[in-house]
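Secondary and tertiary structure notes
One letter stands for each residue in the lines below.
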Amino acid sequence: MSEREQQSEAAAMAAALDVPRNAKLGFGVATLVTAAVVALFVLPGTGRPTFLYAALAFVLLVSLGGLLTAVFTAVSAVRLARS
C-alpha cells in the first residue's frame, strides 16, 4: 500500500469520525473548566508566583482537552459502528 493511500484512508477515517468537530468541542469544554478552576481556586488569593498557576492551567487545559477529544471521538466511533 502506498503512502498516499494510507494518508487518504486516515483522512477518510478522521472525516468519518468528525475529529475536527470533536477537538473543537473537547478543547472548548476544557477551556471553560480550566477558567472555572482558576476563578474558584487561584483568583481568591494566592501566595505563590502567578506563572506557576499559569503553567498548571496550561497543563490542565491541554490534558483535559485531549482526553475529552478522545472520548468524543470514541462516542462517534461507536455511533458509526452501530449505524
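Shown above is the structure to which this text applies.
Overview of the structure.

Conventions we followed
Residues numbered from 1 in each chain as written. Predicted model: local features only at pLDDT ≥ 70, side-chain atom pairs only at ≥ 80, totals over all residues. Heavy atoms only, no water. Helix = DSSP H or I, 4+ residues; strand = E, 2+ residues; numbered from the N terminus. Rg over C-alpha atoms; globule rule 2.2 N^0.38 Å. Buried < 20%, exposed > 50% of the residue type's maximum accessible area, 1.4 Å probe, protein only. Lys, Arg positive; Asp, Glu negative; His and termini not counted. Charge placed at Lys NZ, Arg CZ, Asp CG, Glu CD. Expected span 1.5 Å × (residues − 1). Polar contact = N/O pair within 3.5 Å; in protein donor to acceptor, adjacent residues only side chain to side chain. Patch = residues over 30% accessible without salt bridge, like charges linked within 9 Å, V, L, I, M, F, W, Y side chains within 5 Å. Areas by Shrake-Rupley, 256 points an atom, 1.4 Å probe, with all protein chains shown as cover. Salt bridge = Lys/Arg side-chain N within 4 Å of Asp/Glu carboxyl O. Contact = heavy atoms within 4.5 Å. Axes fitted to C-alpha atoms, helices over the stretch in contact; angles between N-to-C directions. Left-handed = near helix turned anticlockwise from the far one by under 90°. Nonpolar A, V, L, I, M, F, W, Y, C, P; charged D, E, K, R; others polar.

A few points about the overall build of the protein chain
Counting secondary structure elements, the protein chain contains three helices and zero strands. When the elements of the protein chain are put in sequence order from the N terminus, they spell out α-α-α. Relative to a compact globule of 83 residues, whose C-alpha radius of gyration would be 12 Å, the protein chain shows 18 Å and is clearly more extended. The principal-axis extent of the C-alpha atoms belonging to the protein chain is close to 60 × 30 × 15 Å. By the burial criterion, 14% of the 83 residues in the protein chain qualify as buried. Taken as two groups, the 6 positive and 4 negative side-chain charges of the protein chain have centres that lie 19 Å from each other.

Overview of helix 2 (residues 19–42)
Helical geometry note: an α-helix holds 3.6 residues per turn, so side chains three or four residues apart project in the same direction. A rise of 1.5 Å per residue sets the reference length of helix 2, with its 24 residues, at 34 Å; its end C-alpha atoms lie 33 Å apart and thus fit the reference within 8%. Buried within helix 2 we find Asn22, Gly26, Ala30, Thr34 and Val42.

A closer look at the side chain of Thr34
Within the fold, Thr34 resides in helix 2. Judged by its relative accessible area of 8%, Thr34 is buried. A distance of 2.8 Å separates a polar side-chain atom of Thr34 from the backbone oxygen of Ala30.

Side note on a nonpolar patch on the surface
On the surface, Leu25, Val29, Val33, Val37, Leu40 and Phe41 cluster together into a nonpolar patch covering about 510 Å² of accessible area. Within the secondary structure, Phe41 sits in helix 2.

Here we look at the environment of Phe41
Overall, the relative accessible area of 62% leaves Phe41 in the exposed class. Separated by 10 residues in the primary sequence, Phe41 and Phe51 place their C-alpha atoms 15 Å from one another.

Section: the environment of Leu80
Along the polypeptide, Leu80 turns up in helix 3 (residues 50–82). Residues Leu80 and Leu17, 63 residues apart in the sequence, show an inter-C-alpha distance of 7.5 Å. Among all residues touching Leu80, those that are not within four sequence positions of it are Ala16 and Leu17.

Looking at the packing of helix 2 against helix 3
Two elements in contact, helix 2 and helix 3, have axes whose closest approach is 7 Å; the angle formed by their N-to-C orientations is 145 degrees. Judged by the sense of rotation from one axis to the other, the crossing of helix 2 with helix 3 is right-handed. Of the residues assigned to the contact of helix 2 with helix 3, the class counts are 18 nonpolar, nine polar and one charged.

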